[in-house]
Number of protein chains: 2
Amino acid sequence: MSIQSRENLLQAAIRGIEPPAVRMVAGAEGLSPAVLLKLVAAGRAVIMQRDGKPPLGIGEGLRTKVNANVGTSADLIDPDGEVEKAMAAEKYGADTVTDLSMGGPIDEIFRRIKEATSVPLTTVPIYQAVAEKGSFSSITGGEILRTIRKQIGAGASSVVVHAAITLEMLVDLKRSKRIMGVVSKGGSFTSAWMLQKGEENPFLSHFDEICGVLAERDAVLSLGNTMRSGCISDPMDAVQVAEMEMNADLAKRANDLGVQVIVEGMGGHVRPDRIPEYVALYKRRTSFRPLFVAGPLPIDIGVGYDHISGSVGGAMAAGAGADYLCYITPSEHLALPDVGQVREGVVAFKIAAHIGDTMKYGPRLEDEMLARYRRVRDWENQFKLAIDADRAMEIRSRGGTDGCTMCGKYCAIAIMEDHLR
Amino acid sequence: MSIQSRENLLQAAIRGIEPPAVRMVAGAEGLSPAVLLKLVAAGRAVIMQRDGKPPLGIGEGLRTKVNANVGTSADLIDPDGEVEKAMAAEKYGADTVTDLSMGGPIDEIFRRIKEATSVPLTTVPIYQAVAEKGSFSSITGGEILRTIRKQIGAGASSVVVHAAITLEMLVDLKRSKRIMGVVSKGGSFTSAWMLQKGEENPFLSHFDEICGVLAERDAVLSLGNTMRSGCISDPMDAVQVAEMEMNADLAKRANDLGVQVIVEGMGGHVRPDRIPEYVALYKRRTSFRPLFVAGPLPIDIGVGYDHISGSVGGAMAAGAGADYLCYITPSEHLALPDVGQVREGVVAFKIAAHIGDTMKYGPRLEDEMLARYRRVRDWENQFKLAIDADRAMEIRSRGGTDGCTMCGKYCAIAIMEDHLR
C-alpha cells in the first residue's frame, strides 16, 4: 500500500474538515456544506475531482447524475469520432464520461478526450489491460495495478473494478437457470480470467493496494457489477445477492482505507414492477452508499430504442433512490453508437434523471419557469431552459411561422386567455 | 333520440349475448370470451369496430393501447402528408388513429386516411365544426350534431366530446391560481363557445341525442378532458375534480343509453410521483371504465423530446391502470410533427404500453423470446420481435460486421459461454 503524502477528501471529511471541493459542490447543488460534509464522511455521497475543473458530487441529497460511455471497440477504431462523442456527451449534459476504449492508441485517446472535456472521466482498467495483452489469460495482478496507476496518473477521476466475484459464485452461476449469463464486459473478462487460471479474483487479491493508489490520488472507486440480469425474465438470484453483499463489504473496507466509493448495482434488465424494490434493497444493504445503475431496461423488445426503454427504467430507479445513471443509446445491443446516438442517449437519461429528481425531491424550479414562459409564448426563454435547446429550435424552425404549426390560430392557451380575461 | 334498428354490442353484452366482435377481441388478447363479455357489459372494456376490419378492445384485462393523432392544422395543410402519417402510425403499431384535421378538405382527408389504414379511427367533431365555420361562436348545437352524424357515417369508430364542463366550472377556472389555464384544444373551443354565448355546454345539452347517434351506429363515446394540467406545477384542482366527477356520471348515463364509453382523464402534465395515485383515483371514481390518458408528461423541460418524457409518464400511468395512451411526438409544443416524428412518437408509446403491461400483468412472452434469441445471437428472430424491426436493422447494418461492433470479439455473452460450459 502506498504511503499517502497528504490527507485526502474523505479523510478530511471524516475529521470534520471542509475541503474546498465540498463547498463548491454544495454551492452547485444548493445544499448546505455542513450537510454535504456529513454525507461525504458517511460514504453516502462522493465527490469526483479533476485538476482545474469543477468537482462533481454524486449521492444522497444531490441531483441524479448521468454517465456517458464512449471509446473505441476492438472492431471499430476512430479516435476522432470518440473524442467527438465525448464532446457531444458533455455538450448535451452528461455529468461524467467513461472511456471504454479497447482498440487503437488507448492512452492517446484518453488524453485527447481529457483535453476536449471538463467533466470527470472514468476508466475500466481491465479493458485496457485486456486490449493491450490481446487476451485476459496472460494478464497478471501486477499488470492490473500498473494499468490502474497509469490511468489514475493520466487523470481518471474514477476507475471501475469488478472485485466482488469469487470462484464460488462462478460455480453457482454455472448451475443457475438464467437465460442470459453474464452481460457485463469487464465482469466477463474478470470471470474468464479466474476460470481459466482457477485463481481468485485479482481485484480482490489486490484490493488494499488498489485502494492505496486511489486514496493517494483522491480518486473514486466504482465497485463494478458483474452479475446483473441480462433480460427481464432473469430475477435477482443468489449470485446477484452474493455480489451485492460482497460489494457492500468492500465499500466499507475501501472507505476505511480512505477511498470514496460508488456501488454499481441492479442495472441491466429489470422488470419495471421490481425496480423500486431492488433499488431500496441495494441502498439499504450498501448502507446508502451512492448507487450507480446501468439503465435499467424494463423490457427487452425495445431494440433500437433502448435509450427510451432505459429512460423509463432510469427514471423509476432514480425516483426510488438511485444516484447515478449510466446512459444507454439507441445502438445498445446492436452496434457502437455514433455521435448522434450519443446525444440521444444523453438527453434521454437527462430526462430520466430529472424525472427521478422530481420524484425524490419534489418539483424543480426549471419546470415551473418553462411553464411560465410557455404560457406567454416566450420561445427564447423556453429554449434556454430546455434540456436540448438545439433540438427544440430545430423542430420549431421547421414550422416557419411565428406561431406553433400544431395549432396555429387555434392555440388553446391563447383562446382561453382571451375568453377568461 | 334516434330509434335503433337493431341491438348494438353493449346492449347484447348486457343481455349476456356474445357478439362476434367479443369473440374476436378475446382471441386477439388471449382472454376468455365470457370474461370479456362481462367486462364489456360492466363498461370496464369497450370494443371499437370498423366495417370489415378487426375489432379492437380497450380496457381492463386487455393490452394497453396506443393512439396516434394526425391531421392538418389551420396553418399547415398537406393531405398527402397526413395520409402518410396515418400509414406510418399503423405500420409502427398504433392501435388507433385520430384525425384532428382543421385545414383543407377535411372530409376527403378522413376518407383517404380510412382507405389507407385498417385500425379504428377517431374524430373530434368540434374541430371540423370550428374549421368549417371559421370560428366557434357561430356554431349551433344542431351543427355539432350534424358533424357527429357525418363523421360517424363516414366511418369514425369513436368521437371525442367535451361534455363535462359547465359555466360554473369556467367561473371557478377564472379564479384559479393555475399557471397554465386550458391546454385542451377541443376543450378550449367548447369553453370559448360557452363563455362567448353565456350558454351551457352544447355537448351536455345534446348529450342524449349524441348518445342516440352513437348507439345506433355502435360507435364509442370518448368523454374529453378539458381541465387537465398544462404543467407539472399545476396540481389536480377543484375544477379538474369537478370535470372527472361529471364525466363519471355522463359515462354511466351513456352506458345506460347503450353507448360504450372511454373516459379521458388525468393526462397532460403530471408530477411523476402523483401519476399512480391520480390514475387510481380516476379508475375508482369512474367505476373502472377504460381510462385514456394523453402522455402524461412528468416534466416540462424535455422540449423536443416530449415523446421520451411522455413515454416515462405513459409507462407509469399504464402500469397503474390506464388502458389507453395518446402518443406524444418530439414536436409536441413546437410544431406539427412530420412523418418521422410520428414514427418516433408511436414507438415511444408502444414501449410505454409494453412496460405498463409488464407492470400490470407481469412479464410478457415476447421479452423472454427476444432474450433467448439474443443469447444465441440469432439476429433475424430478434428483429422479428422488436417493436420497430426496421430501426433495429438500420442501426445494426451500420456496423457492417457479422458481430456487434459494440463489443466485437469481446462479447461478454460469448466469452462467458465459452468459459462456463
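From a predicted model like this one, the values you see are computed outputs, not experimental measurements.

So, the pattern of salt bridges
Logical step 1: Taken as a whole, this structure holds 52 salt bridges over all chains when the rule is applied.
Logical step 2: The closest approach of N and O atoms between Lys91 of chain A and Asp390 of chain A, which form a salt bridge, is 3.2 Å. With Lys91 of chain A in helix α4 (residues 79–91) and Asp390 of chain A in helix α18 (residues 389–399), the pair connects residues that are 299 residues apart, well separated along the chain.
Logical step 3: Judged by relative accessible area, Lys91 of chain A falls into the exposed class, the value being 56%.
Logical step 4: Linking Arg253 of chain B and Asp208 of chain B is a salt bridge whose minimum nitrogen-to-oxygen distance equals 2.8 Å. In this pair, Arg253 of chain B is assigned in helix α12 (residues 238–256) and Asp208 of chain B in helix α11 (residues 207–217), connecting sequence segments 45 residues apart.
Logical step 5: Looking at Arg253 of chain B, the relative accessible area reads 37%, which means it is partly exposed.
Logical step 6: For Asp208 of chain B, a relative accessible area of 32% translates into the label partly exposed.
Logical step 7: Several salt bridges converge on common partners, so that one network encompasses Arg343, Glu344, Asp388, Arg391 and Glu394 of chain A.

Some words on the pairing of strand β9 (residues 291–294) of chain B
Residue and element names in this part refer to chain B.
Logical step 1: In this structure, strand β8 (residues 261–264) lies alongside β9, joined through two bridges in parallel fashion. If you follow Val263 over to β9, its bridge partner there is Leu291.
Logical step 2: With respect to chirality, the unit in which β8 leads through helix α13 (residues 275–285) into the neighbouring parallel β9 is right-handed.
Logical step 3: In this sheet, strand β10 (residues 324–326) lies alongside β9 in parallel orientation, the contact comprising three bridges. For Phe292, the partnering residue across the bridge sits in β10 and is Tyr324.

Some details on the packing of aromatic side chains
Logical step 1: In this structure the tally under the stated criterion is 10 aromatic pairs over all chains.
Logical step 2: Judged by centre distance (5.4 Å) and plane angle (80 degrees), the rings of Tyr410 of chain A and Phe189 of chain B are edge-to-face. Placement of Tyr410 of chain A in the loop between α18 and α19 (412–420) and of Phe189 of chain B in helix α9 (residues 185–197) is noted, with the two residues assigned to different chains.
Logical step 3: Among the residues examined, Tyr410 of chain A registers a relative accessible area of 5% and is labelled buried.
Logical step 4: Judged by its relative accessible area of 0%, Phe189 of chain B falls in the buried class.

Focus: the domain arrangement of chain A
Residues and elements named next belong to chain A.
Logical step 1: Domains assigned within chain A are domain 1 (48–361) and domain 2 (365–420).
Logical step 2: A C-alpha centroid distance of 38 Å is found between domain 1 and domain 2.
Logical step 3: Domain 1 puts eight residues into the contact, and the matching count from domain 2 is seven residues.
Logical step 4: For the domain 1 and domain 2 pair, buried surface summed over both sides reaches about 660 Å², with 42% attributable to carbon and sulfur atoms.
Logical step 5: In terms of surface lost to domain 2, no three residues of domain 1 exceed Tyr92, Arg343 and His354, which account for 61% of the buried area on that side.
Logical step 6: Across the domain 1-domain 2 interface, the total number found is four salt bridges.
Logical step 7: Of the charged contacts, one joins Arg343 and Asp388 as a salt bridge, the two residues approaching to 2.9 Å between their closest N and O atoms.
Logical step 8: At the junction of domain 1 and domain 2, the tally comes to six residue pairs in polar contact (both at pLDDT 80 or more).
Logical step 9: Considering each element in turn, the side of domain 1 that touches domain 2 owes the most residues, six residues, to helix α15 (residues 339–361).
Logical step 10: Considered class by class, the residues forming the side of domain 1 that touches domain 2 number three nonpolar, one polar and four charged.

Rules of the game
- Residues numbered from 1 in each chain as written.
- Chains lettered and ligands numbered in written order.
- Predicted model: local features only at pLDDT ≥ 70, side-chain atom pairs only at ≥ 80, totals over all residues.
- Heavy atoms only, no water.
- Salt bridge = Lys/Arg side-chain N within 4 Å of Asp/Glu carboxyl O.
- Helix = DSSP H or I, 4+ residues; strand = E, 2+ residues; numbered from the N terminus.
- Buried < 20%, exposed > 50% of the residue type's maximum accessible area, 1.4 Å probe, protein only.
- Pairing = 2+ DSSP bridges.
- Right-handed = clockwise from strand over helix to strand, strands pointing away.
- Phe/Tyr/Trp six-rings, centres within 6.5 Å; stacked < 30°, edge-to-face > 60°.
- Domains from an automatic or database assignment.
- Contact = heavy atoms within 4.5 Å.
- Buried area = accessible area lost by both parts, 1.4 Å probe.
- Polar contact = N/O pair within 3.5 Å; in protein donor to acceptor, adjacent residues only side chain to side chain.
- Nonpolar A, V, L, I, M, F, W, Y, C, P; charged D, E, K, R; others polar.

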